[in-house]
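# Structural features, examined
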Amino acid sequence: MTQKPTLDVRDLRTYFFTKGGVAKAVDGITFSIAPGKVLGLVGESGSGKTVTGFSILGLVDQPGRVVGGEILYRGEDLNKVSAERMRELRGVNISMIFQDPMMTLNPVLRIDTQMIEAIRAHEKVSKEIARQRARDALGQVGIASPDERLRAYPHQFSGGMRQRVAIAIALLNKPDLIVADEPTTALDVTIQGQILYEVQKLCSQTGTALIWITHDLSVVAGLADQICVMYAGKIVESGEVNAVLDNPMHPYTHGLITSVPSKNKRGAPLSQIPGMAPSLLSLPKGCAFAPRCKWSNSNCQEQPDIRLAPQNRRLLCHNPIEYNNDNIRQETS
Amino acid sequence: MTATDQDLTEGNKQDAQEFEGLQTPFKRFLSDFCESKLAVLGFLVIVGIVLLAIFAPLLTPTDPYDLTSVTILDSRLAPGEKMMSGTVAYLGTDGAGRDMVSAMIYGLRISLGVGIGSGIIAMLIGISFGLLSAYAGGRIDALFMRIVDIQLSFPAILVALVLLVTLGKGVDKTLIALVVVQWAYYARTIRGTALVERRREYIESAVCLGLSKNRIMFRHLLPNCIAPMIVVGTMQVAHAISLEATLSFLGLGMPQTEPSLGRLISNGFEYILSGKYWISVFPGLALLVTIVSINLVGDRLRDVLNPRLQK
Amino acid sequence: MSVFIIRRLLQSGVVVIIMSFIVFSGVFLIGDPVEILVSDDADQEEREEMIKSMGLDKPFLVQYGIFVSKALKGNLGESFVFNEPALLLILDRMPATMELAVVSLMIAIIFGIPLGVWAGLKPDSWASKSIMTGSILGFSLPTFWVGIMMILLFAVMLGWLPSTGRGDVQVILGMPLSIFSWDGFSHVLMPAVNLALFKLSMVIRLARAGTREVLHQDYIKFAKAKGLQESRIILVHVMKNILIPVVTVLGLEFGGLVAFSVVTETVFAWPGMGKLLIDSIGLLDRPIIVAYLMIIVFLFVFINLVVDILYSILDPRVRLQDVKS
């Protein structure tokens, strides 16, 4: 950790004030990301990972609100800046790629309109120069005949192409930080691979930090440097990606990994995590994962504190899995 | 919508269902409806108006249709003045010397009667054609819906105007015109709902059980189409009342001898330039309160019964 | 695209033919115009001459045939009362009605869209709530009564605006128009607002519903993530999306405005074709009633056609489908 982090999130809390009560979608999460690095934010749907992304960009919709913590972008707390400053940062310094490419482009505006406006919202450049840059950006993400494509409407593109356009838009102003919210989930596997490859290439070339939100551990394994595993609004385990995936210490991480089919385990029954993700409105007291955890005990009735583990790992568990030389958990009876 | 938002609303629904599971559907409907105070107020006003209309002869100070007691000497008295008979005309008198309060209550009676009556008849006709259309499908469906389309592409006022020009004046004729204007809305709504419901499993299972077509249509399909019917019905009654008033104002529709609210306003229009406002203003207010109340209730019903219902 | 237009044209033709028959047979049943036109002391011979000269002695279908063949040549019969071609009489009154309808439409759009978008953007503010309550009122208020109340308030009590008539008329591009002089404008203002009220409420509701729906779309959030100014998001991203349904509905409703001007014109004695219709109904002047209705039928069919085509231009998705088909 020699480089100053691009983004340093400390104890971020984003709550939704609904009729049914307060839902703590993000409840005190801490992580940071250095320039050029990729952080994988993993969790089931409803774990708060998308809300984390929106919190960083200040785009949490009513009835949600960031209620606490700091989001330090190059030392500047994004929770405290004015709406206008936040707008200046969005799209230029921090940009976002959304989950569903079919929904992210405005159906009634042409691609060039949507790209040029993204440039001209931040820089006073002529339309011609902006168009030139838009064209280059499309070429950059591997779209053929960009001139023609610029004049098209979104519905004339396939899903993969639209996501490329969305990525091109996110890259237009050369941001330092990109928040990518499951950008490949809705796409075919082959296209997913291409996009992953291109994003990775672009980030390492430009030194852009990337937060990759996903529920797909295999994507994170291939792409990320750091990993944060979220469960019910909290980061339950984080650390260097290989360390965490090879030796998961939190039971939830362990469960996630063992429920992924892989060729090494072919023939062996897939294990699954019993039960369902809890409703954020009625979280169990103490550790939220305890009801589904086969190692839970009476300690788990209390909220665990963050624990530091070797290799710079952080952990939120009373009974972390410990490993001996055989990489097998010692079952304590 | 983000994944989390969805989960949140899912959670809400679950909670809400658990809570509502303890209630009957009607109670749930009632409590939903009562959430809007305006709608409740509207409903109470409607009840009041209907009672007023039903018991008009008992409640009015004079009988506006009794030609022996109505005298031209009383004409255009300002509100609060005393009539020849000694009765105080709290809202004044009209050009013929009728007490406005009495004339309005009787007028309301006619307006409501024509509005609700035409609504019910149109609903029956519309339901029959709509259900038949949905159930028969094919050419019959295409023919009926083409007729409905063409009729609905012309504004109601114009259709009613043409009809009344042809038919002449009278309560029965006004009723016919209003029914013709409205039936198509019902037919279209019920056909749309029925088409959706028809594909549901319970209809398929009824068909599998070998039930007769009539039984399926009226015992199975119809009850499931009632919610949208109620909503369209409320809105249509308000519309019919307003339309009848407009037609009467244009000199069509109700005859002079049985003045509806529209006709009363129209009568007062002659005197408006001389500042005798009450003859037009008060019947208009009565009309307004009636229609607004019905619309408030209808608006709320639409939200409560079927949030997806398109206008 | 052209296949689409030709199909729509054929459909429209069929509608016009059907409606002409319905209108003609409907109006054919109206009273007996001879009673009104022939003076009481006329003898039998005079009466019969009158009936013959108006073609009323022929069977219904023959009369209809004559009507159609004449109509195809642009002759919709002669007014019994004015002894002038009915079509000319109506066309003479048409600019006044059109002016009224267009001004009303403008009022509905210019005030309705911003109010509706505002109510959609800030649904919980008191301003939005009053806008929405106002729109329920706009739906509920019977137009003619509001017209009377406006006359009472602005003409009789306050004396700000003239109560009836059209005022000064200037001929602009061959059309007599009122709005370009103060006197004319003051005359057109009240009837236009009166006629607009209903449509205004409708535009407000459509714009509000559209805004609320569009605001929740991902592309709006993406536009925000791009760092666009709020104004650009609302004026371009939201507006362009809600304009499609609003324009469609308004286009279809323009015919409704023309038809409903019958009421407004009667209240404000506005010399348009709606008032002519009501007068003609009173006088049993059949040819004028038939001609008016035929013109309205044409207008509606034409509007439906134009809206369909406009819609395909405005919404790129529809355009593509047409290219494919």
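Thresholds, definitions, all that
- Residues numbered from 1 in each chain as written.
- Chains lettered and ligands numbered in written order.
- Predicted model: local features only at pLDDT ≥ 70, side-chain atom pairs only at ≥ 80, totals over all residues.
- Heavy atoms only, no water.
- Helix = DSSP H or I, 4+ residues; strand = E, 2+ residues; numbered from the N terminus.
- Rg over C-alpha atoms; globule rule 2.2 N^0.38 Å.
- Contact = heavy atoms within 4.5 Å.
- Phe/Tyr/Trp six-rings, centres within 6.5 Å; stacked < 30°, edge-to-face > 60°.
- Buried < 20%, exposed > 50% of the residue type's maximum accessible area, 1.4 Å probe, protein only.
- Lys NZ or Arg CZ within 6 Å of the ring centre and 35° of its normal.
- Buried area = accessible area lost by both parts, 1.4 Å probe.
- Salt bridge = Lys/Arg side-chain N within 4 Å of Asp/Glu carboxyl O.
- Polar contact = N/O pair within 3.5 Å; in protein donor to acceptor, adjacent residues only side chain to side chain.
- Domains from an automatic or database assignment.
- Core = buried A, V, L, I, M, F, W, Y, C linked by side-chain atoms within 4.5 Å.
- Pairing = 2+ DSSP bridges.
- Patch = residues over 30% accessible without salt bridge, like charges linked within 9 Å, V, L, I, M, F, W, Y side chains within 5 Å.
- Areas by Shrake-Rupley, 256 points an atom, 1.4 Å probe, with all protein chains shown as cover.
- Lys, Arg positive; Asp, Glu negative; His and termini not counted.
- Charge placed at Lys NZ, Arg CZ, Asp CG, Glu CD.

Helix and strand content of chain A: eleven helices and twelve strands. Against the 2.2 N^0.38 benchmark of 20 Å for 333 residues, chain A shows a C-alpha radius of gyration of 21 Å, consistent with a compact globule. Seen through its C-alpha atoms, chain A measures out along the principal axes to roughly 70 × 45 × 45 Å. Put simply, 63% of the contacts in chain A that link residues at least 6 apart link residues at least 24 apart.

With that settled, the discussion passes to the overall build of chain B. Helix and strand counts for chain B stand at 13 helices and two strands. The contacts of chain B with a sequence gap of at least 6 include a subset with a gap of at least 24, amounting to 69%.

Next up on the list: the packing of aromatic side chains. Counted by the stated rule, this structure contains eleven aromatic pairs over all chains. Aromatic pair Tyr252(A) and Phe289(A): ring centres 5.2 Å apart, planes at 70 degrees, arrangement edge-to-face. On the criterion of sequence distance, the pair formed by Tyr252(A) in helix 11 (residues 251–258) and Phe289(A) in the loop between helix 11 and strand 11 (306–309) is long-range, its members being 37 residues apart. Accessibility expressed as a relative area gives 4% for Phe289(A), which makes it buried. One aromatic cluster is present, formed by Phe54(A), Phe98(A) and Phe222(C) through successive ring pairs. For the cation-ring pair, Arg149(A) lies above Phe157(A), with the distance from its terminal atom to the ring centre recorded as 5.0 Å.

Our next topic: the interface of chain C and chain B. Across the contact, 40 residues belong to chain C and 38 residues belong to chain B. Buried surface at the junction of chain C and chain B, summed over both partners, amounts to about 3,200 Å²; 82% is from carbon and sulfur atoms. If you sort the residues of chain C by the area they bury against chain B, Phe144(C), Trp145(C) and Ile148(C) come out on top, with a joint share of 18%. Residues Asp299(B) and Arg205(C) are paired through a salt bridge, measuring 3.3 Å at the closest nitrogen-oxygen approach. Linking chain C to chain B there are three residue pairs in polar contact (both at pLDDT 80 or more).

Turning to the side chain of Thr264(C), a few remarks are in order. All names here are of chain C. Mapped onto the fold, Thr-264 is located in helix 10 (residues 230–268). A distance of 3.5 Å separates polar atoms of two side chains, one belonging to Thr-264 and the other to Asn-194. When neighbours within four sequence positions are excluded, Thr-264 is seen to be in contact with Leu-100, Thr-143, Pro-191, Asn-194 and Leu-195.

On to the domain arrangement of chain A. How big an interface is tends to be reported as the loss of accessible area on association of its parts. Residues and elements named next belong to chain A. Taken domain by domain, chain A holds domain 1 (1–93 + 175–263 + 271–286) and domain 2 (107–174). Measuring from the centre of the C-alpha atoms in domain 1 to the corresponding centre in domain 2 gives 26 Å. Residue-level contacts link 16 residues of domain 1 with 13 residues of domain 2. Both sides of the domain 1 and domain 2 interface together cover about 1,200 Å² of buried area, and 61% of this is carbon and sulfur. Our count for the contact surface shared by domain 1 and domain 2 stands at zero salt bridges. Between domain 1 and domain 2 we count four residue pairs in polar contact (both at pLDDT 80 or more) in total.

Here we take up the nonpolar core. The biggest cluster of nonpolar side chains holds 132 residues, and the ones touching the most others in it are Leu161(B), Phe144(C) and Tyr292(C). No fewer than three residues from each of domain 1 (2–72) and domain 2 (87–314) of chain C sit in this core. Discounting residues that sit within four places of it in the chain, Tyr292(C) has contacts with Leu158(B), Ile90(C), Val258(C), Ala259(C), Val262(C), Met273(C), Gly274(C) and Leu277(C). With 101 residues, the next largest nonpolar core counts Leu39(A), Ile97(A), Cys287(A) and Ala225(C) among its residues.

Residue and element names in this part refer to chain A. Spatially, four strands are ordered 2-1-4-5 in an open sheet, and the strand pairing comes out antiparallel. Since the sheet does not close on itself, it has two edges, and those belong to strand 2 (21–33) and strand 5 (76–77), each with one partner. Note that strand 1 (residues 7–18) and strand 4 (residues 64–73) share eight bridges and pair antiparallel. Across the sheet, residue Phe-16 finds its bridge partner in strand 4, namely Gly-64.

Our focus in this paragraph is the pairing of strand 10 (residues 234–240) of chain A. Residues and elements named next belong to chain A. Across the seven residues of strand 10, six count as buried, placing the element largely inside the fold. The loop that links strand 9 (residues 226–231) with its antiparallel partner strand 10 comprises two residues; one of these, Ala-232, has a positive phi angle of about 50 degrees. Note that strand 10 and strand 12 (residues 313–316) share two bridges and pair antiparallel. Paired with Ser-238 across the two strands is Arg-314, which belongs to strand 12.

Residues and elements named next belong to chain C. Together, Lys-52, Lys-58, Lys-70 and Lys-73 make up a positively charged patch on the protein surface. Looking at the element boundaries, Lys-58 is found in the loop between helix 3 (44–53) and helix 4 (60–72). The class for Lys-58 is partly exposed, based on a relative accessible area of 36%.

For the rest of this paragraph, the subject is the environment of Gly233(B). All names here are of chain B. Relative to the elements of secondary structure, Gly-233 occurs in helix 11 (residues 226–249). With 107 residues separating them in the primary sequence, Gly-233 and Gly-126 have C-alpha atoms 11 Å apart. Setting aside residues no more than four positions away along its own chain, Gly-233 makes contact with Met-123 and Tyr-186.

Right, let's talk about the pattern of salt bridges for a bit. Applying the stated criterion across every chain yields a total of 25 salt bridges over all chains. In this structure, Arg135(A) engages Asp147(A) in a salt bridge whose closest nitrogen and oxygen atoms are separated by 3.2 Å. Of the two residues, Arg135(A) is situated in helix 5 (residues 127–140) and Asp147(A) in helix 6 (residues 146–150); the sequence distance between them amounts to twelve residues. The class of Arg135(A) is partly exposed, set by a relative accessible area of 26%. Among the ionic pairs, Glu253(C) bridges to Lys199(C), the shortest N-O distance being 2.7 Å. Linking Glu253(C) in helix 10 with Lys199(C) in helix 8 (residues 182–215), this pair joins segments that are 54 residues apart in sequence. One connected set of salt bridges, linked through shared partners, spans Asp11(A), Arg13(A), Asp27(A) and Lys234(A).

What follows covers the environment of Ile296(C). Along the polypeptide, Ile296(C) turns up in helix 12 (residues 286–314). Placed 40 residues apart in sequence, Ile296(C) and Gly256(C) show a C-alpha to C-alpha distance of 9.7 Å. The contact partners of Ile296(C), leaving out residues within four places of it in the chain, are Leu158(B), Val258(C) and Met273(C).

On to the pairing of strand 1 of chain A, then. Residue and element names in this part refer to chain A. Sheet analysis places strand 1 next to strand 2, joined by ten bridges and oriented antiparallel. The residue of strand 2 that forms the bridge with Leu-12 is Ile-29. Counted along the chain from strand 1 to the antiparallel partner strand 2, the turn is two residues long.

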